[in-house]
Amino acid sequence: MIEVRNIWKNFGSIQVLKGVNLNVQKGEIVCIIGQSGAGKTTLLQIIGTLDKPDKGNILIDGVDVFSLNDVQLAAFRNSHIGFIFQFHQLLPEFTAIENVMLPALIARLNESEARARALRLLTDLGLEDRIHHKPNELSGGEKQRVAAARAMMMQPTVILADEPSGSLDSKNKSELHHLLLEMRDKYNQTIVIVTHDKELSAISNRVIEIKDGIIKETTT
């Protein structure tokens, strides 16, 4: 599902990624670990097409993403990649269902169809009673489930998560772990996670360690 081929990335004189290669199979949960500054978030952003490498290629579901022009790349990102962030990144002025609908509205899908799809996702995630609540009216775990529903809104082939449990307490962390497993099992999602959370790493199919911009170890 994801092929990372010889990715190099510099920021000024600092080499952040040094020829990274990685394959992720469909339906896998892969965790990327490493100390701060190791390059793991940079790699995730490049896989997600939010940043471009200085050298190398990323293939997602067979598509060489950086061969696309900017308009094509934005459309591909919206339809094929879902993002879950540490601090949710929900728009505070919108309700839960409106936040979930956003990717579909950006893609110019019919509003009634987008609303129906968002409602199904939120119901599947146990939030049918919270759809009209704004983020400041939701718990941390509820916000993360809304963010997960938004990530799945366009039925993407890949979910990328950057420290998704970093701002959660132990109860909500446990709920997030179950949610990620459910997303993989129910929707056959391919999920790549940057994390420092050892419990989250434990539920993954593989753990990839990055050190000094190089993949040092793969464990199962």
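Before reading further, recall that the structure is shown in the block above.
What counts, and where the lines are drawn
Residues numbered from 1 in each chain as written. Predicted model: local features only at pLDDT ≥ 70, side-chain atom pairs only at ≥ 80, totals over all residues. Heavy atoms only, no water. Phe/Tyr/Trp six-rings, centres within 6.5 Å; stacked < 30°, edge-to-face > 60°. Buried < 20%, exposed > 50% of the residue type's maximum accessible area, 1.4 Å probe, protein only. Helix = DSSP H or I, 4+ residues; strand = E, 2+ residues; numbered from the N terminus. Polar contact = N/O pair within 3.5 Å; in protein donor to acceptor, adjacent residues only side chain to side chain. Contact = heavy atoms within 4.5 Å. Axes fitted to C-alpha atoms, helices over the stretch in contact; angles between N-to-C directions. Parallel < 35°, antiparallel > 145°, perpendicular 65-115°, else oblique. Left-handed = near helix turned anticlockwise from the far one by under 90°. 1 Å grid on protein atoms, 1.4 Å probe; cavity = no way out; pocket = protein on both sides within 12 Å on 5 of 7 lines; lining within 4 Å. Points joined across faces, edges and corners; volume = space filled by probe spheres on them. Nonpolar A, V, L, I, M, F, W, Y, C, P; charged D, E, K, R; others polar. Expected span 1.5 Å × (residues − 1). Core = buried A, V, L, I, M, F, W, Y, C linked by side-chain atoms within 4.5 Å. Salt bridge = Lys/Arg side-chain N within 4 Å of Asp/Glu carboxyl O.

Brief notes about the packing of aromatic side chains
Then step 1. Overall, the coordinates contain 1 aromatic pair when judged by the stated rule.
Then step 2. An angle of 5° between the planes, with centres 5.9 Å apart, marks the rings of F83 and F85 as stacked.
Then step 3. Its relative accessible area of 28% is what places F85 among the partly exposed residues.

Topic: helix α1 (residues 40-47)
Then step 1. Among the 8 residues that make up α1, 6 are buried, leaving the element largely enclosed by the rest of the structure.
Then step 2. Within the span of α1, buried status applies to K40, T42, L43, L44, I46 and I47.
Then step 3. One or two positions beyond α1, positive phi appears at T49, with a value near 65°.

Considering the side chain of D197
Then step 1. With respect to the helices and strands, D197 occurs in the loop between β8 (190-194) and α7 (198-202).
Then step 2. Only 2.9 Å separates the side chain of D197 from the backbone nitrogen of E199, close enough to count as a polar contact.
Then step 3. Residues within four places of D197 in sequence aside, it is in contact with S165, K173 and H177.

What about the packing of helix α3 (residues 96-106) against helix α5 (residues 140-152)?
Then step 1. Two elements in contact, α3 and α5, have axes whose closest approach is 7 Å; the angle formed by their N-to-C orientations is 30°. In terms of axis orientation, α3 runs roughly parallel to α5. α5 is crossed by α3, and the crossing has right-handed handedness. Where α3 abuts α5, its residues A96, N99, V100 and P103 lie against V146, A149 and R150.

Description of the layout of surface pockets
Then step 1. Approximately 460 Å³ is the volume attributed to the largest pocket.
Then step 2. For the largest pocket, the lining is made up of 19 residues, of which N78, I81, F83, P103 and I106 are closest to its centre.
Then step 3. Elements with a minimum of two residues in the lining of the largest pocket: α2 (70-80), β6 (81-85), α3 and α5.
Then step 4. Taken together, the residues that form the lining of the largest pocket break down as 13 nonpolar, 4 polar and 2 charged.
Then step 5. Roughly 210 Å³ of volume is contained in the second largest pocket.
Then step 6. Along the wall of the second largest pocket there are 13 residues; nearest its centre are L121, M152, Q155, Y187 and Q189.
Then step 7. Sort the elements by how many residues they give to the lining of the second largest pocket and helix α4 (residues 111-124) lands first, with 4 residues.

A word on α4
Then step 1. End to end, α4 covers 20 Å across 14 residues, agreeing with the expected 20 Å (1.5 Å per residue, within 8%).
Then step 2. The inward-facing, buried residues of α4 abut α3, α5 and α6 (170-187).
Then step 3. In the segment just after α4, G126 is the residue with positive phi, at about 75°.

What about the nonpolar core?
Then step 1. Counting 35 residues, the largest nonpolar core has L122, V146, M183 and I193 as the members making the most contacts within it.
Then step 2. Of all elements in the fold, only β3 (29-33), α3, α4, α5, β7 (158-162), α6 and β8 reach the threshold of two or more residues within this core.
Then step 3. Top contributing element to this core by residue count: α5, with 6 residues.
Then step 4. Sequence-distant contacts of L122, that is, excluding residues within four places in its chain, are made with A96, I97, V100, L127, E128, I131, V146 and A149.

Here we look at the side chain of T195
Then step 1. One can find T195 in the loop between β8 and α7.
Then step 2. Within polar-contact distance, the side chain of T195 engages the backbone nitrogen of D197 at 2.8 Å.

Quick look at the pattern of salt bridges
Then step 1. Summed over all chains, the structure comprises 8 salt bridges.
Then step 2. When the shortest N-O distance is used, the salt bridge between D185 and R184 registers 3.0 Å.
Then step 3. Assessed through its relative accessible area of 56%, D185 is described here as exposed.
Then step 4. For R184, a relative accessible area of 17% puts it in the buried group.

Some words on the environment of Q35
Then step 1. Mapped onto the elements, Q35 comes out in the loop between β3 and α1.
Then step 2. Sequence separation of Q35 and K186 is 151 residues, and the distance between their C-alpha atoms is 32 Å.

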